[in-house]
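# Coordinate analysis (summary)
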Amino acid sequence: MSPQARRDDLIRAALDLFGSRAPELVTVDDIVGRAEVSRPLFYRYFANLRELQVEALRTVTDGLIDGLAGLEEGPPEVRLRAAVRGLIDVADHYRAGYIALLRSGSVIATSETDAAIDEVRNRAVALIVDALGVTEPSPLLSLTLRCWTAVVEGALLSWLQERTVPRESLDGWLVDQLTAMLGATAQHEPAGTTGVTAGS
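The structure reproduced in this document is the subject of the present report. It should be emphasised that the depicted structure is a prediction, and the values quoted were computed from it without experimental measurement.

Analysis parameters
- Residues numbered from 1 in each chain as written.
- Predicted model: local features only at pLDDT ≥ 70, side-chain atom pairs only at ≥ 80, totals over all residues.
- Heavy atoms only, no water.
- Helix = DSSP H or I, 4+ residues; strand = E, 2+ residues; numbered from the N terminus.
- Buried < 20%, exposed > 50% of the residue type's maximum accessible area, 1.4 Å probe, protein only.
- Contact = heavy atoms within 4.5 Å.
- Areas by Shrake-Rupley, 256 points an atom, 1.4 Å probe, with all protein chains shown as cover.
- Expected span 1.5 Å × (residues − 1).
- Lys, Arg positive; Asp, Glu negative; His and termini not counted.
- Salt bridge = Lys/Arg side-chain N within 4 Å of Asp/Glu carboxyl O.
- Polar contact = N/O pair within 3.5 Å; in protein donor to acceptor, adjacent residues only side chain to side chain.
- Core = buried A, V, L, I, M, F, W, Y, C linked by side-chain atoms within 4.5 Å.

Below, the discussion takes up the overall build of the protein chain. Within the protein chain, the secondary structure is distributed over nine helices and zero strands. Of the regular secondary structure in the protein chain, the N- to C-terminal order runs α-α-α-α-α-α-α-α-α. Counting only residues that meet the buried cut, the protein chain has 46% of its 200 residues in that class. Pairs at least 24 apart in sequence give 68% of the contacts found in the protein chain among residues at least 6 apart. Surface accessibility of the protein chain: about 10,000 Å² in total, with carbon and sulfur atoms responsible for 51%.

Next comes the structure, spelled out in structure tokens:
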């Protein structure tokens with residue numbers, strides 16, 4: 001196995017374990033046991049456990065960005081629902097890792113993971129602007145979209161932990177939330193401001 005393949009294998013082992021427990025509860029012994037390698041080999045690829053935790057969580061954020069990238073053709077609502085489904089799929093696949101990334105006070109959070117999360121949020125906003133066909137979003141529209149990304153994050157965190165809403169209705173509900181927020185924003189936009197119109 002090549003060095004990069006071995007490194008990726010250790011990251012996969014960590015992410016597998018994150019599926020059943022919080023990342024801060026996963027030990028080096030847990031990871032080497034899952035990957036079926038020795039502790040010395042682990043330290044050949046990672047200086048310490050925290051370095052692996054950050055790399056594993058970065059894999060989650062990369063997956064979220066990839067999930068946002070797969071836009072379908074069609075009207076904005078269809079494209080946005082596809083993007084939200086992509087987010088739900090990745091968040092569900094990396095459940096514990098996603099929760100660790102966004103949970104307030106997580107011991108795994110670092111400036112690097114915070115920057116990675118911001119990258120996902122910026123990608124989400126850019127995607128929505130593109131889907132809406134807006135070239136120069138107004139300050140109020142930009143604020144609306146960033147507020148909506150917070151709604152999505154909060155909803156996914158609750159859904160992953162409680163599962164009280166059927167998965168098949170989650171994406172439509174979240175896109176309907178955005179539609180309602182855009183309608184409210186359009187009513188408050190100054191005349192002549194570049195943005196969206198009510199009902200977009």
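A separate point is helix H1 (residues 3-18). Given 3.6 residues per turn, any residue in an α-helix points the same way as the ones three and four places further on. The first and last C-alpha atoms of H1 sit 23 Å apart over 16 residues, in line with the 22 Å expected at 1.5 Å per residue. Residues of H1 that are buried include every one of Arg6, Arg7, Asp9, Leu10, Ile11, Ala13, Ala14, Leu15, Leu17 and Phe18, and no others. On its buried face, H1 is in contact with helix H2 (28-35), helix H3 (39-45), helix H4 (49-69) and helix H6 (95-102).

Right, let's get into the side chain of Glu189. Position of Glu189 relative to the elements: it lies in the segment after helix H9 (167-188). Here Glu189 occupies a buried position and makes no salt bridge, while the nearest side chain of opposite charge, Arg146, is found at 14 Å. A polar atom in the side chain of Glu189 sits 2.4 Å from the side chain of Ser138.

To continue, consider the pattern of salt bridges. Counting across every chain of the model gives 15 salt bridges. Of the charged contacts in the structure, one is a salt bridge between Asp29 and Arg39, with a shortest N-O distance of 2.7 Å. Of the two residues, Asp29 is situated in helix H2 and Arg39 in helix H3; the sequence distance between them amounts to ten residues. Given a relative accessible area of 45%, Asp29 falls into the partly exposed group. Take Arg39: its relative accessible area is 37%, and that puts it in the partly exposed class. In this structure, Asp171 and Arg85 form a salt bridge, with 3.2 Å as the shortest nitrogen-oxygen distance. On the criterion of sequence distance, the pair formed by Asp171 in helix H9 and Arg85 in helix H5 (residues 76-93) is long-range, its members being 86 residues apart. Take Asp171: its relative accessible area is 3%, and that puts it in the buried class.

In this structure, Leu10, Phe18, Ile31, Phe42, Tyr98, Ile128 and Leu145 are the most contacted members of the largest nonpolar core, which totals 61 residues. Once residues lying within four places of it in the same chain are set aside, the contact partners of Ile31 are Leu10, Ala13, Ala14, Leu17, Val26, Phe42, Leu49 and Leu52.

When you line up the elements, Asp114 lands in helix H7 (residues 111-132). Judged by relative accessible area, Asp114 falls into the partly exposed class, the value being 40%. For the pair Asp114 and Leu102, spaced twelve residues apart in the sequence, the C-alpha separation amounts to 8.8 Å.

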